[in-house]
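# Tertiary structure, described
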Amino acid sequence: METLGRAFSDALGLLWRVDSTLLEIVGLTLQVTLVALAIALLLGIPIGAAIGLARRLPGRALLVPLIYTGMGLPPVVVGLFTYLLLSNQGPIGGLGWLFTPAGMIMAQTIIAFPLVLGLTMAAVQSVDPDLPIQMRALGATRRQVALTTLVESRIGVTAAVVAAYGSIISEVGAVMLVGGNIEGETRVLTTAIVLETRKGNFALALALGIILLGLAFLTNLVFHRLQVRQGGS
Amino acid sequence: MTPAYELTGIRHYYGERCVVNVPDLEINTGEILGIVGPSGAGKSTLLRLLNFLEVPTEGQIRYHGNLTTSDVSLETRREITTVFQRPMLLRRSVAANVRIGQRIRGTAPKDNSVDGWLDRLGLGELADAPVRTLSAGEAQRVALARALVVSPSVLLLDEPTGNLDPYNVGLIEEIVRADCAERGTTIVVVTHDLFQSRRIADRTALMINGRMLEIAETMRFFSDPQHPKTAAFLRGDLVY
């Protein structure tokens, strides 16, 4: 209890002092998470919607289980895979992304993408199949049918965004492997928590954890408000 | 006047099963054609063919004299619309749903036409209401307004008043009849309600097992049926 109490006071102290190192860590955490999320959304939403709409897609019986498997990818395995790709001997080692935020973004995008893809696909599939037919009967083109169906499944798509965001902001294995937890360069909240725990600074580690949870809560609050507004009609 | 539709040798299959078998059918421009028949007769599938939502497995459809191919132009498709028995409304307001056809066409929303149809269908006060708060009758009226606001040349109605109360049935029938009279809209209405066809249709057809057994002026269809199955169907006997 004493450690927990000290953690709260340390967290408040860190926030109160506007600690520059902490701000840097929080900034990098948000930067890596939000850029990875944006890329995953840009790729995952259209592809997920297309697969969700193409109910007679050849190979679908194999593709859907593959996507669901991707949704459960262990982050540390993704980290290892990305590490091998980006290492000097790796196929894209020339990019020089290992131990940089770019590499961390790549790893987190690989984790978030199947989540966005699979949950968007499921959301689009859950729309009544009569809707596309009735939209076509109103004169919609295939593209308009797809867009309308996607908009109608917006609550499910928002859930995909929330799930992907939650999985990568709290992820540690991949960013640790690919980023290396270098102070001032690739240290994010989760890797800082691991480091402080190893050093025995439990109160500071917990304080960082509280800040991480606070960040996740604030962002999810925004997503939730969006979801409520979308479900209003 | 050129017929709105001329169907020749139409056979449409789902798998091995022939669901529509209409060797010859003309639908006149500006008429109301009622199609009655038991469930599973192929009536709704025929409407899908007429709306070019499906391509017939065999046969030809001429629309206003032009032979249609598997790739019907968007302009032609947009002259036709269907009101379904179970309308799928978008999770938006009533007015936004009624405006959707105009949005799809990229035409500037004419709020007066939307308001006009909402008022005519007794939905004026519900314009800003979310559709989830509507009753079945109100939802069906929204679906009808959504179809009529784009001024279709052909309006296809697939059991539009199934499960509705007499007030809503009467209102929808009145609007449909008036639209046909005012704008010359060609209307095909599929219905289980024999009396509905008798009330609004110029001609009535009986469809059983994908075949159109009889088609005649509505008065004659009901007073002097030529096919024994029509007579049996009108008596309320089970026909198949």
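These figures come from a predicted structure and were not determined experimentally.

### Description of the overall build of chain B
Regarding its fold elements, chain B presents nine helices and ten strands. Relative to the 2.2 N^0.38 estimate, which gives 18 Å for 240 residues, the radius of gyration of chain B is 18 Å and therefore close to what a compact globule would have. Across its three principal directions, the C-alpha atoms of chain B cover 50 × 40 × 35 Å. The proportion of buried residues among the 240 residues of chain B is 42%. When contacts within chain B are restricted to residue pairs at least 6 apart in sequence, long-range pairs at least 24 apart make up 67% of them.

### Structural notes on the interface of chain B and chain A
Each side of the interface is counted separately: chain B has 20 residues, and chain A has 15 residues. Every element with two or more residues in the side of chain B that touches chain A is listed here: helix H2 (74-77), strand S6 (80-83) and helix H3 (94-105) of chain B. In terms of residues, the side of chain B that touches chain A owes the most to one element, H3(B), which gives four residues. Of the residues in the side of chain B that touches chain A, the class split is nine nonpolar, five polar and six charged.

### Topic: the packing of helix H5 (residues 101-125) of chain A against helix H8 (residues 154-169) of chain A
Residue and element names in this part refer to chain A. Relative orientation of the contacting elements H5 and H8 amounts to 160 degrees, with a least axis distance of 8 Å. When the interaxial angle is binned, H5 and H8 end up roughly antiparallel. Handedness of the crossing formed by H5 with H8: right-handed. Where H5 approaches H8, its residues Gln108, Ile111, Ala112, Leu115, Val116, Leu119, Thr120, Ala122 and Ala123 are matched on the opposing element by Gly156, Val157, Ala159, Ala160, Ala163, Ala164, Ser167 and Ile168. In the contact of H5 with H8, the residues fall into 13 nonpolar, four polar and no charged.

### Notes on the nonpolar core
The nonpolar side chains of soluble globular proteins are, as a tendency, buried together. Counting 64 residues, the largest nonpolar core has Val98(B), Val142(B), Ala145(B) and Val188(B) as its most contacted members. For this core, the leading source of residues is helix H5 (residues 136-148) of chain B, giving seven residues. The contact partners of Val98(B), leaving out residues within four places of it in the chain, are Val114(B), Trp117(B), Leu118(B), Val142(B), Ala145(B), Arg146(B) and Val149(B). Among the nonpolar cores identified, the runner-up in size contains 59 residues, and Leu98(A), Ala112(A), Ala174(A) and Leu177(A) belong to it.

### Notes on the environment of Gly137(B)
Structurally, the position occupied by Gly137(B) is in helix H5. For Gly137(B) and Thr185(B), which are 48 residues apart along the polypeptide, the C-alpha to C-alpha distance reads 23 Å.

### Some words on H5(A)
Residue and element names in this part refer to chain A. The terminal C-alpha atoms of H5, which comprises 25 residues, lie 35 Å apart, in line with the 36 Å expected from a rise of 1.5 Å per residue. Ala112 marks where H5 bends most, by close to 25 degrees; the proline Pro114 follows one to four residues later. Most of H5 is tucked away, with 22 of its 25 residues classed as buried.

### Some thoughts on H8(A)
Helix length check: H8(A) (16 residues) gives 22 Å between terminal C-alpha atoms against 22 Å at 1.5 Å per residue, within 8%. Taken as a whole, H8(A) has its buried residues at Gly156(A), Val157(A), Ala160(A), Val161(A), Val162(A), Ala164(A), Tyr165(A), Ile168(A) and Ile169(A).

### With respect to the packing of H3(B) against H5(B)
Helix-helix packing: each pair is described by the crossing angle between the helix axes and the interaxial distance. Residues and elements named next belong to chain B. Contact geometry for H3 and H5: axes closest at 7 Å, N-to-C directions at 35 degrees. In this structure, H3 crosses over H5, and the sense of that crossing is right-handed. Across the interface between the two elements, Val94, Asn97, Val98, Ile100 and Gly101 from H3 touch Val142, Ala145 and Arg146 from H5. When its residues are assigned to classes, the contact of H3 with H5 shows five nonpolar, two polar and one charged.

### Things to note about the pairing of strand S8 (residues 186-191) of chain B
Residue and element names in this part refer to chain B. The element S8 is largely enclosed, with a buried count of six among its six residues. Sheet analysis places strand S3 (residues 32-36) next to S8, joined by five bridges and oriented parallel. Looking at S8, one finds that Leu33 is bridged to Val188. As paired elements, strand S7 (residues 154-158) and S8 share five bridges and run parallel to each other. Paired with Leu156 across the strands is Val188, a residue of S8. Between the parallel pair S7 and S8, the chain is carried across by helix H6 (residues 166-183), and the sense of this crossover is right-handed.

### Quick notes on the confidence of the model for chain B
Taken over all residues, the pLDDT of chain B has a mean of 91, while the share at 70 or more is 98%. For this predicted complex, the interface confidence score (ipTM) comes to 0.90, while the overall pTM stands at 0.82.

### A short note on unusual backbone geometry
Comment: phi is negative for the bulk of residues other than glycine, and the bulk of peptide bonds are trans. Here Phe99(A), not a glycine, exhibits a phi torsion of approximately 60 degrees, which is positive. In this structure, Phe99(A) sits in the loop between helix H4 (75-86) and H5. For Phe99(A), a count of 18 C-beta atoms within 10 Å corresponds to the partly exposed category. Of note, Glu159(B) is a non-glycine position whose phi angle comes to about 45 degrees, a positive value. Within the fold, Glu159(B) resides in the loop between S7 and H6.

Definitions and cut-offs
Residues numbered from 1 in each chain as written. Chains lettered and ligands numbered in written order. Predicted model: local features only at pLDDT ≥ 70, side-chain atom pairs only at ≥ 80, totals over all residues. Helix = DSSP H or I, 4+ residues; strand = E, 2+ residues; numbered from the N terminus. Rg over C-alpha atoms; globule rule 2.2 N^0.38 Å. Buried ≥ 20, exposed ≤ 12 C-beta atoms within 10 Å, placed from the backbone. Contact = placed C-beta atoms within 7 Å. Nonpolar A, V, L, I, M, F, W, Y, C, P; charged D, E, K, R; others polar. Axes fitted to C-alpha atoms, helices over the stretch in contact; angles between N-to-C directions. Parallel < 35°, antiparallel > 145°, perpendicular 65-115°, else oblique. Left-handed = near helix turned anticlockwise from the far one by under 90°. Core = buried A, V, L, I, M, F, W, Y, C linked by C-beta atoms within 7 Å. Expected span 1.5 Å × (residues − 1). Bend = angle between axes of the 7 residues up to and from the residue. Pairing = 2+ DSSP bridges. Right-handed = clockwise from strand over helix to strand, strands pointing away. pLDDT = per-residue confidence, 0-100.

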